[in-house]
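Examining the three-dimensional arrangement
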Amino acid sequence: MAKFTDIIGQEQLKEHLQNAITMNKVSHAYLINGERSSGKEFVAKVFAAALQCEKGGTEPCGECHSCIQVKSGSQPDIIFVSHDKPNTIGVEDIRTQINNDIGIKPYSSPRKVYIMSEGEKMTVQAQNALLKTLEEPPEYAVILILTTNVEALLPTILSRCVVLNMKPVPDHKVKKYLMEELQIPDYKANICVAFARGNIGKAKMLAASEEFEKVKEEAVTLVKYINDMDISEVVKAIKKISEYQFDVTDYLDILSVWYRDALLFKATKDANSLIFKNEIQYIRKVADRSTYEGIETIVKALQQAKRRLEANVNFDLTMELLLLTIQEN
């Protein structure tokens, strides 16, 4: 059964929640803020299980009746708020699943815990409906709102919640987890860590993604040979990128890491600290061929391309400009 000790990183957040249990100062509402896949749901489920555990410790025991129900997904006093519309949590969702239910006492536990994922999808009307409950919640109620965007919530909601932020997990901890728990080899773990940027869920997803492997190979092949390609071949390579169901900004991140490796190698001549260390002969070529300014221009052009795509500038045009900048430098 998942416990606080299974949460990687997030020391402050864990300490806060466990102290709240120990000191019997559990708030009626928590808002857990963090990027997608950062582990908010995992934290919320562990906290909910600990709150309902019959042994009353700061970790769910895994053995009592409540913990057994949690494991099987049938704990009646831990309620997961759902919504039918993919991009909206409406006023009816809040009324039927929280407001009209919260007045009914817990079925078998000391508390009633509500877990709402994607809190940023609540409409203003839904938030106002929830506000009424947050202003006067019953003694036994705990509402956990999980969000990727705290800005999307009304200040009145925030003022009634304890806001806890998920922090990026240090790279060495992410790498240790991938290698020890998931048996990911060293080189692959390094690449996943570089792209996950402290997000443990994203690191796991990348490690398991066959598409990420393919996209990485395509990207590396492109940068290896781009200086020997004519414009029609470059355009063909661009078209291939858009075939993948993969976020193109992640593709650009792969290219950025490649050129940062080249910059680092040019400065240090040390291959050990590179992400793409097994491609050292090609990294060395880039470092030898380009100036520091040239490589920095490419890294800046990659960031600019990401910004243009986010602003919905034409994909083909953006990528052509980028790849021409790479060829010129």
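Bear in mind that the values here come from a model prediction, so they are computed numbers and not experimental data.

1. Focus: the side chain of Lys266
- Structurally, the position occupied by Lys266 is in helix H12 (residues 248-268).
- Nearest to the buried, unbridged Lys266 among oppositely charged side chains is Asp288, at 5.8 Å.
- In this view, Lys266 contacts Ala287, Ser290, Thr291, Tyr292 and Ile295; residues no more than four positions away in its chain are not counted.

2. Structural notes on the environment of Lys175
- Topologically, Lys175 is positioned in helix H7 (residues 171-181).
- Overall, Lys175 belongs to the partly exposed group, its relative accessible area being 22%.
- Considering only alpha carbons, one finds Lys175 and Glu211, 36 residues apart in sequence, at a separation of 20 Å.
- Not counting residues up to four positions away in its chain, the partners in contact with Lys175 are Asp186, Ala189, Asn190 and Val193.

3. So, helix H3 (residues 65-72)
- All of the buried residues along H3 are Ser66, Cys67 and Gln69. Within H3, the buried residues cover an arc of 160° as seen down the axis, which keeps them to one side.
- Lining the buried residues of H3 we find helix H2 (40-52).
- Positioned one or two residues after H3, Gly73 has a phi angle of 75°, which is positive.

4. Digging into the layout of surface pockets
- When its volume is computed, the largest pocket comes out at roughly 270 Å³.
- Surrounding the largest pocket, 17 residues form its lining, Ser38, Gly39, Phe42, Ile200 and Lys204 being those nearest its centre.
- Elements that contribute at least two residues to the lining of the largest pocket include exactly H2 and helix H9 (200-208).
- Looking at which element gives the most residues to the lining of the largest pocket, the answer is H2, with 4 residues.

5. Structural notes on the pattern of salt bridges
- In total, this model carries 14 salt bridges according to the counting rule given.
- Salt-bridge contacts for Glu92 lead to Arg95; the nearest nitrogen and oxygen are separated by 3.4 Å. Of the two residues, Glu92 and Arg95 are both situated in helix H4 (residues 91-99); the distance of 3 residues between them amounts to about one turn of the helix.
- A residue is classified by how much of its surface remains accessible, and Glu92, at 46% relative accessible area, is partly exposed.
- You can call Arg95 partly exposed: its relative accessible area is 39%.

6. A look at the pairing of strand E2 (residues 78-81)
- Sheet topology places E2 next to strand E3 (residues 112-116); 4 bridges connect them, and they run parallel. The residue of E3 that forms the bridge with Ile78 is Val113.
- Note that the unit made of E2, H4 and E3 has a crossover that is right-handed.

7. Examining unusual backbone geometry
- In this model, Glu118 sits at a positive phi of 55°, which is unusual for a non-glycine residue.
- The class of Glu118 is partly exposed, set by a relative accessible area of 27%.
- Even without being a glycine, Lys269 presents a positive backbone phi close to 60°.

8. Considering the state of the cysteines
- Tallied over the entire structure, the rule returns 0 disulfides.
- Cys53 takes part in no disulfide bond, and the closest cysteine sulfur, belonging to Cys61, lies 3.6 Å away.
- With relative accessibility at 6%, the residue Cys53 sits in the buried group.

Rules used throughout
Residues numbered from 1 in each chain as written. Predicted model: local features only at pLDDT ≥ 70, side-chain atom pairs only at ≥ 80, totals over all residues. Heavy atoms only, no water. Helix = DSSP H or I, 4+ residues; strand = E, 2+ residues; numbered from the N terminus. Buried < 20%, exposed > 50% of the residue type's maximum accessible area, 1.4 Å probe, protein only. Lys, Arg positive; Asp, Glu negative; His and termini not counted. Salt bridge = Lys/Arg side-chain N within 4 Å of Asp/Glu carboxyl O. Contact = heavy atoms within 4.5 Å. Arc of directions from axis to C-beta. 1 Å grid on protein atoms, 1.4 Å probe; cavity = no way out; pocket = protein on both sides within 12 Å on 5 of 7 lines; lining within 4 Å. Points joined across faces, edges and corners; volume = space filled by probe spheres on them. Pairing = 2+ DSSP bridges. Right-handed = clockwise from strand over helix to strand, strands pointing away. Disulfide = S-S within 2.5 Å.

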